[in-house]
Amino acid sequence: MIDETLLEAEQKMDKAIEVAKEDFATIRTGRANAAMFSKITVEYYGTPTPLQQLASFNTPEARTILISPFDKSVMTGIEKALRDSDLGVNPSNDGNVIRVVLPSLTQERRKDFVKLARAKAEDARVSVRNIRRRAKEELDRIAKDGEAGEDEVARAEKELEVQTKKRIEVIDTVLAAKESELLEV
């Protein structure tokens, strides 16, 4: 029972880290990458559809992305979704592809993105800590109900703390990498 609780907590913590990494990927840096568009949805026949499902992406230059819709009728919807997004881009349409040229980031905009990255990292840390809290409550319940000895529960709580600390360090490492990527000129 204790091992199951620890395993479940570890899996949930790993999932929280994956979500944090996906969130960091959506934060725009000076370089173009398709992950920036992963959270954008486009109105497609009355249904909000992720942009990734409607088009292919090509990066011919460091700051340019070509978006080739599979269905040409959705081009205006994609353009509208890109303009309304928080990426700060102005797409241009030539009838076949949508060209998105990413403007260079100003120092002020870079600092805003660093703040956003730090907020997302803190959300991930809070998520990991909440998972730890729920697992600890479960371990306390196991000890109270007499399903395991106090020594086993104490060992499990120490292991839970080690796993939590390890996951938070991973989040901090990913944040530091994103910050340095954002601040490089």
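Per an unreviewed UniProt entry, the recorded name for the chain is Ribosome-recycling factor, and the organism is Cellulomonas fimi. In the Subcellular location (unreviewed entry) part of its UniProt record, the chain is described as follows: "Cytoplasm". Entered under Sequence similarities (unreviewed entry) in the UniProt record, the comment concerning the chain runs "Belongs to the RRF family."

Colleague: What is the right way to read the overall build of the chain from this model?
Modeller: Within the chain one finds five helices and six strands. When the elements of the chain are put in sequence order from the N terminus, they spell out α-β-β-α-β-β-α-β-β-α-α. Since a compact globule built from 185 residues should have a radius of gyration of about 16 Å, the 22 Å found for the chain marks it as more spread out than a globular shape. Expressed along its principal axes, the backbone C-alpha trace of the chain runs to roughly 70 × 40 × 25 Å. Across the 185 residues that make up the chain, the buried fraction comes to 37%. Relative to all contacts within the chain whose residues are 6 or more apart in sequence, the contacts with residues 24 or more apart total 63%. Just so you have it, the chain exposes about 10600 Å², and 50% of that area is on carbon and sulfur atoms. Charged side chains of the chain number 31 positive and 35 negative; the gap between the two group centres comes to 6 Å.

Colleague: Just checking my understanding: could you explain the nonpolar core for this structure?
Modeller: A general tendency of soluble globular proteins is for nonpolar side chains to be buried together. Core analysis: the largest hydrophobic core is formed by 28 residues, its most contacted members being Ile-2, Leu-139 and Leu-160. Counting residues per element, the ones that place at least two in this core are helix 1 (2-26), helix 4 (107-145) and helix 5 (150-183). Of all hydrophobic cores here, the second largest spans 20 residues; its members include Ala-55, Met-75, Ile-78 and Ile-98.

Colleague: How do you make sense of the pattern of salt bridges when you look at a structure like this?
Modeller: Two side chains bearing opposite charge may form a pair once their charged atoms approach each other closely. In the structure shown here, the tally under the stated rule is 14 salt bridges. Note that Glu-157 is salt-bridged to Lys-136, the shortest N-O span being 3.3 Å. Of this pair, Glu-157 sits in helix 5 while Lys-136 is found in helix 4, placing the two residues 21 residues apart along the sequence. What makes Lys-136 partly exposed here is its relative accessible area of 33%. In this structure, Glu-169 and Lys-165 form a salt bridge, with 3.2 Å as the shortest nitrogen-oxygen distance. In this pair, Glu-169 and Lys-165 are both assigned in helix 5, four residues apart and thus about one turn of the helix distant. Taking relative accessible area as the criterion, Glu-169 reaches 41% and is therefore assigned partly exposed. Through salt bridges that share partners, Glu-122, Arg-125, Arg-129 and Asp-172 make up one connected network.

Colleague: When you look at the pairing of strand 6 (residues 98-101) in this model, what are you seeing that I'm missing?
Modeller: It is a general feature of regular strands that their side chains alternate between the two faces of the sheet. The alternating pattern of strand 6 places Ile-98 and Val-100 on a buried face and Arg-99 and Val-101 on a face that is not buried. Sheet topology places strand 4 (residues 64-69) next to strand 6; four bridges connect them, and they run antiparallel. The partner of Thr-64 across the bridge, within strand 6, is Val-101. When strand 5 (residues 92-93) meets strand 6, the two strands line up antiparallel, connected through two bridges. For Ser-92, the partnering residue across the bridge sits in strand 6 and is Arg-99. Counting the residues in the hairpin turn of strand 5 and strand 6 gives four residues, including Gly-95, whose phi is positive at 100°.

What counts and how
- Residues numbered from 1 in each chain as written.
- Predicted model: local features only at pLDDT ≥ 70, side-chain atom pairs only at ≥ 80, totals over all residues.
- Heavy atoms only, no water.
- UniProt positions renumbered as here; feature names shortened; annotations may be inferred.
- Helix = DSSP H or I, 4+ residues; strand = E, 2+ residues; numbered from the N terminus.
- Rg over C-alpha atoms; globule rule 2.2 N^0.38 Å.
- Buried < 20%, exposed > 50% of the residue type's maximum accessible area, 1.4 Å probe, protein only.
- Contact = heavy atoms within 4.5 Å.
- Areas by Shrake-Rupley, 256 points an atom, 1.4 Å probe, with all protein chains shown as cover.
- Lys, Arg positive; Asp, Glu negative; His and termini not counted.
- Charge placed at Lys NZ, Arg CZ, Asp CG, Glu CD.
- Core = buried A, V, L, I, M, F, W, Y, C linked by side-chain atoms within 4.5 Å.
- Salt bridge = Lys/Arg side-chain N within 4 Å of Asp/Glu carboxyl O.
- Pairing = 2+ DSSP bridges.

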